Amino acid sequence: MNKKLSLIVLTTAMAVTTLSACSSNNEGTTSKATQPAKGNDAATEKTLRFATWDTGDALKIEQDIAKKFEVNHPGTKVQVEAYADGFDQKLAAGFGATNPPDVMYMWDFPTYHQSLEPLGSYADGDKDLKKDDFYKGLFNYATIDNKLYGIPAGFTTRVVYYNKKMFDDAKIPYPKDGWTWDDFQEISKKLTDKAKKQYGFGVRADNDTYDLQGFVWSNGGSYISNDGKTINGFMNSKATAGAIQMFGDMVKNGSAVLSGGKGQQSGEDIFKGGKIAMWESGIWPLESFKEAGIDVGTVEMPAFPGKPVKGVIAESALSIAKDSKQKDLAWEFIKYYVSNEAIKMRVADLPVRVSVVNELKKDQDPLYKPFYTMLQRSDNSPAFLLNPKWNEVNRQLSSAVEAIVLGSNAQEALDQAVKDSERYLK
C-alpha cells in the first residue's frame, strides 16, 4: 500500500501475457502444504518467500515481523524480498516462470488475480482470523468476480493537511469537517502571497487518476458506469469535468502552485518548507511533516454544494500465489501479519482492525480521526475494479488530467480521452 497503492503497473502488457499463461498452466491447483517442520535442522527448514514493495523503515519493520513469525514457527525461514520500484516487473517475471513468492503485497487484483489463490474459504473457515474485526468494505477492494484474493493489511484514505502556523499568521481559522470547496478556494486565495512564493495549495503536475476519484465522486461524477461497460457520459460528464477543472483553475488564477513536475519540488517538500498552506494526501507523509517541525493539522475533504463527500481507499493486501507449494504455511504467515501484534508494529499505514483502532484510540486523535471519517465515506467502487481493460483507458485519462492542470479545458480534454478510449471497451 505501499506505500502508494496506486503504484503504476510498469509492465502491464507483460504481466497480462504471463499471467494468462500461468493461469492456464495451473488450473485447479488446490494442494495444501504440510505443517512446518519442527527444529532448526537446515535439511528440514522450510523457506517462505514474502515479496514487498516497501523500503526503509517500513521494510525493517516487516523484517522484524518475519523474525517474530519464525520464532513461533521453528523450522521456518521467512525470506523477505524487497522489490521496491521494480515490484511489478519482478512479480510478473516470477509468475511467468512459475516461481513466484509464496506471499506478496497486492493491490492490482484485476491484473494478477488469475495467478493468485482464492482466499474465501481460508478467511471464512478460520475463526482465528476474526474477519468481523476488519473494517467493513476493505475486503471489497480485494475481490474480483465475487472471489476474495487478498486479506487487507493496511489502508489509507485521503485528507487535507494544513500548516497551523501559516493559518495563525494570516489570522484565518483552521478548517473544520463540513467545509466546502468554496471555503477551500477562498482560504487558498487568502493564504497565497506570490511575493513570498507562498501559496494556499499545491496541485500535482502528475496526478494519479485513482486518487482523483474521490473528488469526482463527491461532485456526483464517475469515470465509468457501475457495470463497468460505459465511459461516455461518465468520464466526460459535467460533474467529472467540473471536479478536475477546479484544480486547473486554481493553478491558472494563482491560488495554487504546480508541484512535482520536471524540475519542481514535490508537494510534500514544499509543504515542509512552509511554502504551501494546504496539501492533500494519504497517511504516508504525516510522520515526515512532524519530523520537519511542521505544526500540522488534518481535516476531512471539502464538499461540493449540496452533495455528500466521498472518499477513495488506497489499500494494501496480502495474497498467496496459486503456484505456492506452501499455502497452509503462507496462510499462517498472513494471519500473523494482520494480527493485532503485527499491525501495531507497522506505522506506514492505518490499522485495518477495529479492535486495534479502539485500543490505540486512533479514531479519537485529531490527526487521525479524519482518515477514519473518510473511510465511512468510501463506499464507491474504483474504476480499475470494474473493467479489466481499465489500464488502457487510464492512459488516455491520465494524459487528459495532466493537460487540464496545465491549462486545457477539462470538458474538451475528457471528451477526447473518451473518444480515444472507447475502442478498448468493445
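Calculation criteria
Residues numbered from 1 in each chain as written. Predicted model: local features only at pLDDT ≥ 70, side-chain atom pairs only at ≥ 80, totals over all residues. Heavy atoms only, no water. Helix = DSSP H or I, 4+ residues; strand = E, 2+ residues; numbered from the N terminus. Contact = heavy atoms within 4.5 Å. Areas by Shrake-Rupley, 256 points an atom, 1.4 Å probe, with all protein chains shown as cover. Buried < 20%, exposed > 50% of the residue type's maximum accessible area, 1.4 Å probe, protein only. Pairing = 2+ DSSP bridges. Axes fitted to C-alpha atoms, helices over the stretch in contact; angles between N-to-C directions. Polar contact = N/O pair within 3.5 Å; in protein donor to acceptor, adjacent residues only side chain to side chain. 1 Å grid on protein atoms, 1.4 Å probe; cavity = no way out; pocket = protein on both sides within 12 Å on 5 of 7 lines; lining within 4 Å. Points joined across faces, edges and corners; volume = space filled by probe spheres on them. Nonpolar A, V, L, I, M, F, W, Y, C, P; charged D, E, K, R; others polar. Salt bridge = Lys/Arg side-chain N within 4 Å of Asp/Glu carboxyl O. Phe/Tyr/Trp six-rings, centres within 6.5 Å; stacked < 30°, edge-to-face > 60°. Lys NZ or Arg CZ within 6 Å of the ring centre and 35° of its normal. Parallel < 35°, antiparallel > 145°, perpendicular 65-115°, else oblique. Left-handed = near helix turned anticlockwise from the far one by under 90°. Core = buried A, V, L, I, M, F, W, Y, C linked by side-chain atoms within 4.5 Å.

## A few points about the overall build of the protein chain
- Counting secondary structure elements, the protein chain contains 17 helices and twelve strands.
- Across the protein chain, the fraction of contacts at a sequence separation of at least 24, relative to all contacts at a separation of at least 6, is 78%.
- When the accessible surface of the protein chain is totalled, it reaches about 18,600 Å², and 48% of it is carbon and sulfur.

## Concerning unusual backbone geometry
- The phi angle at Asn146 is positive, at roughly 65 degrees, despite the residue not being glycine.
- You can see Asn146 is positioned in the loop between strand 4 (143-144) and strand 5 (147-148).
- One non-glycine residue, Lys197, adopts positive backbone phi at about 55 degrees.
- With respect to the helices and strands, the residue Lys197 is situated in the loop between helix 7 (181-190) and strand 8 (199-204).
- By relative accessible area, which is 63% here, Lys197 ends up exposed.

## Quick word on the sheet that holds strand 9 (residues 256-259)
- A sheet is described by the order of its strands in space; here five strands give the open sequence 9-8-10-7-11, paired in mixed fashion. Each edge of the open sheet carries a strand with a single partner, namely strand 9 and strand 11 (296-299). On average, adjacent strands in this sheet sit at an angle of 30 degrees to one another, irrespective of strand direction.
- Pairing analysis gives four bridges linking strand 7 (residues 159-163) to strand 10 (residues 276-281), with the strands arranged antiparallel. Each bridged residue has a counterpart across the sheet, and for Tyr162 the counterpart in strand 10 is Met278.

## Focus on the side chain of Thr192
- Turning to its location among the elements, Thr192 is positioned in the loop between helix 7 and strand 8.
- Within the structure, Thr192 has its side chain in polar contact with the backbone nitrogen of Gly200 (distance 3.0 Å).

## Describing the layout of surface pockets
- Approximately 470 Å³ is the volume found for the second largest pocket.
- Lining the second largest pocket are 23 residues, with Trp284, Glu287, Val347, Ala348 and Asp349 positioned closest to its centre.
- Elements represented by at least two residues in the lining of the second largest pocket include exactly helix 2 (56-72), helix 11 (286-291) and helix 13 (340-345).
- Each residue belonging to the lining of the second largest pocket can be placed in one class, and the counts come to twelve nonpolar, three polar and eight charged.

## Notes on the pattern of salt bridges
- For the structure shown, the criterion picks out 19 salt bridges.
- A salt bridge links Glu70 to Lys77, with the nearest nitrogen and oxygen atoms 3.9 Å apart.
- In this structure Glu70 comes out as buried when scored by relative accessible area, which is 18%.
- Given a relative accessible area of 39%, Lys77 falls into the partly exposed group.
- Taken together, the shared-partner salt bridges connect Asp126, Asp128, Glu332 and Lys335 into one network.

## Quick notes on the packing of aromatic side chains
- According to the stated counting rule, one finds 33 aromatic pairs in the structure shown.
- Three or more aromatic residues link up through ring pairs in this structure, and these residues are Phe50, Trp53, Phe69, Tyr83, Phe87, Tyr105, Phe333, Tyr336 and Tyr337.
- Lying across the ring of Phe139, Lys131 places its NZ or CZ 5.0 Å from the centre.
- Positioned above the aromatic ring of Tyr368, the side-chain terminus of Lys362 is 3.8 Å from the ring centre.

## Considerations on the packing of helix 9 (residues 238-253) against helix 17 (residues 410-421)
- At a minimum axis distance of 9 Å, the contact between helix 9 and helix 17 shows a crossing angle of 125 degrees. Considering the angle they form, helix 9 stands oblique to helix 17. Classified by chirality, the crossing of helix 17 by helix 9 is right-handed. Judged by residue contacts, Lys238, Thr240, Ala241, Ile244 and Gln245 of helix 9 engage Ala410, Gln411 and Leu414 from helix 17.
- Counted by class, the contact of helix 9 with helix 17 contains four nonpolar, three polar and one charged residues.

## Re the pairing of strand 10
- Counted residue by residue, strand 10 has six buried out of six residues, so it is predominantly covered.
- With two bridges joining them, strand 8 and strand 10 adopt parallel strand pairing. Residue Phe201 lies in a different strand from strand 10, and its bridge partner there is Met278.

## Side note on the nonpolar core
- One finds Ile151, Met235, Met278 and Trp390 to be the most contacted residues of the largest nonpolar core, which totals 127 residues.
- Sequence-distant contacts of Met235, that is, excluding residues within four places in its chain, are made with Ser222, Tyr223, Thr240, Trp390, Val393, Leu397, Leu414, Ala417, Val418 and Ser421.

## With respect to the sheet that holds strand 12 (residues 314-320)
- Spatial strand order, 2-1-3-12-6: five strands in an open sheet with mixed pairing. In the strand order of this sheet, the two ends are held by strand 2 (76-82) and strand 6 (151-156), each with one partner. Going from strand to strand, the sheet's axes swing by 20 degrees on average, the running direction of each strand aside.
- This element, helix 12 (residues 327-337), spans strand 1 (46-52), strand 2, strand 3 (103-106), strand 6 and strand 12 of the sheet and lies at about 150 degrees to strand 12.

## Focus: helix 15 (residues 369-376)
- Taken across its eight residues, helix 15 has six buried, putting it largely inside the fold.
- Against strand 6, strand 7, strand 10, strand 11 and helix 14 (354-360) lie the buried residues of helix 15.

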